[in-house]
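So you can see what is in the structure, the chains are spelled out below.
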Amino acid sequence: MLKRTHGYLTSMAADTAPREAVELESEGCTIIEQVFLPAELDRLRAEIDEVFDTLPPDSRAKSRRTVEADAEFRYEMLNRSAASQTAIGNPRILEVIEPLLGDDCHVIANTAWRNAPKPDDPAQPWHIDAGPHVPLPEGVSWPEDIPHPVFAIGAHLFLKDCIEQDGPTGVIPGSHKSGRFPPHEDIMNPNLTFAGRTPRLLTARAGDVTLFVSDVWHRRMPTGANDQGRYFLQVHYGRRDIAQRLQTTGQANQVSAAAIERADSRRSRTLIGLHAPFFYDG
């Protein structure tokens, strides 16, 4: 747990933070139940549906997704929906994430997901969203008496119920402390474990918010025969010193046209901050 003191990050006692913040830090995931009222959900659904209906897909990940899959996402939602902008600042969410990221943390990505039903789909591979922020070699374990730092947190604000048949997000508790990414040979194994821990399925009701640390091993789990699809507003919160990815760096950057023209190789482009879309912005 941390807070700002004279502009610097300092440690804070865990007993001053909500239960969900403590669980998020130690386990890598948590659920805040019934954050949003029915009227708030109705407004969110109406505005997000309008974005899907009136704006074409962003096509940011066309090299990694089919056209059909890409159509299930809309980015930078706080720019496109007043209700989304209000929702990302809900006090019950902020009181959980701010003790881990600081009270000056900001939204680095904000994407609406409207997944169509796909019965018996193997879904996503295991992955992490960024990092690992503290890489560790094989055989080295994070000390249990030192809280693992958190740099970014993903949140799913559920607009409809998500049960096991719908392929909820699975998280392997404690894996954010591994300092490693999931083993490539097991990325589609729904029974993957870490340190003896099995996946936790983040099922939810409409109005719930699930949260997970960016370094934790997670994936959409396989769907069942009666998959009803998923519908949620995703928010990624990051520490102040982590760059926003609401838009791609090609859309929003601090680089002059002349400097961009001079960057004639992939590395010269990434060096001045022009990166290909990937996690968060793609």
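Because the structure is predicted, anything quoted here is derived from the model rather than measured. (Residues numbered from 1 in each chain as written. Predicted model: local features only at pLDDT ≥ 70, side-chain atom pairs only at ≥ 80, totals over all residues. Heavy atoms only, no water.)

(A) Geometry of the side chain of arginine 219. Examined against the element boundaries, arginine 219 turns out to sit in strand S10 (residues 218-220). Although buried, arginine 219 forms no salt bridge, and the nearest oppositely charged side chain, aspartate 121, lies 7.4 Å from it. Only 2.6 Å separates the side chain of arginine 219 from the backbone oxygen of proline 122, close enough to count as a polar contact. One polar contact links the side chain of arginine 219 to the main-chain carbonyl oxygen of methionine 188, over a distance of 3.3 Å. (Helix = DSSP H or I, 4+ residues; strand = E, 2+ residues; numbered from the N terminus. Buried < 20%, exposed > 50% of the residue type's maximum accessible area, 1.4 Å probe, protein only. Lys, Arg positive; Asp, Glu negative; His and termini not counted. Salt bridge = Lys/Arg side-chain N within 4 Å of Asp/Glu carboxyl O. Polar contact = N/O pair within 3.5 Å; in protein donor to acceptor, adjacent residues only side chain to side chain.)

(B) Region of interest: the sheet that holds S10. Pairing is antiparallel across the open sheet formed by 3 strands, whose spatial order is S8-S7-S10. Each edge of the open sheet carries a strand with a single partner, namely strand S8 (200-201) and S10. Taken together, the 2 bridges between strand S7 (residues 169-171) and S8 define a ladder with antiparallel strand orientation. Looking at S8, one finds that glycine 170 is bridged to leucine 201. (Pairing = 2+ DSSP bridges.)

(C) Spatial organisation of the pattern of salt bridges. Taken as a whole and assessed by the stated rule, the structure comprises 14 salt bridges. The salt bridge involving arginine 19 is made with glutamate 23; its shortest N-O contact spans 3.9 Å. With a gap of 4 residues between them, arginine 19 and glutamate 23 both fall in helix H1 (residues 19-27), about one helical turn apart. Connected through shared salt-bridge partners, Arg19, Glu20, Glu23 and Arg200 make up one network.

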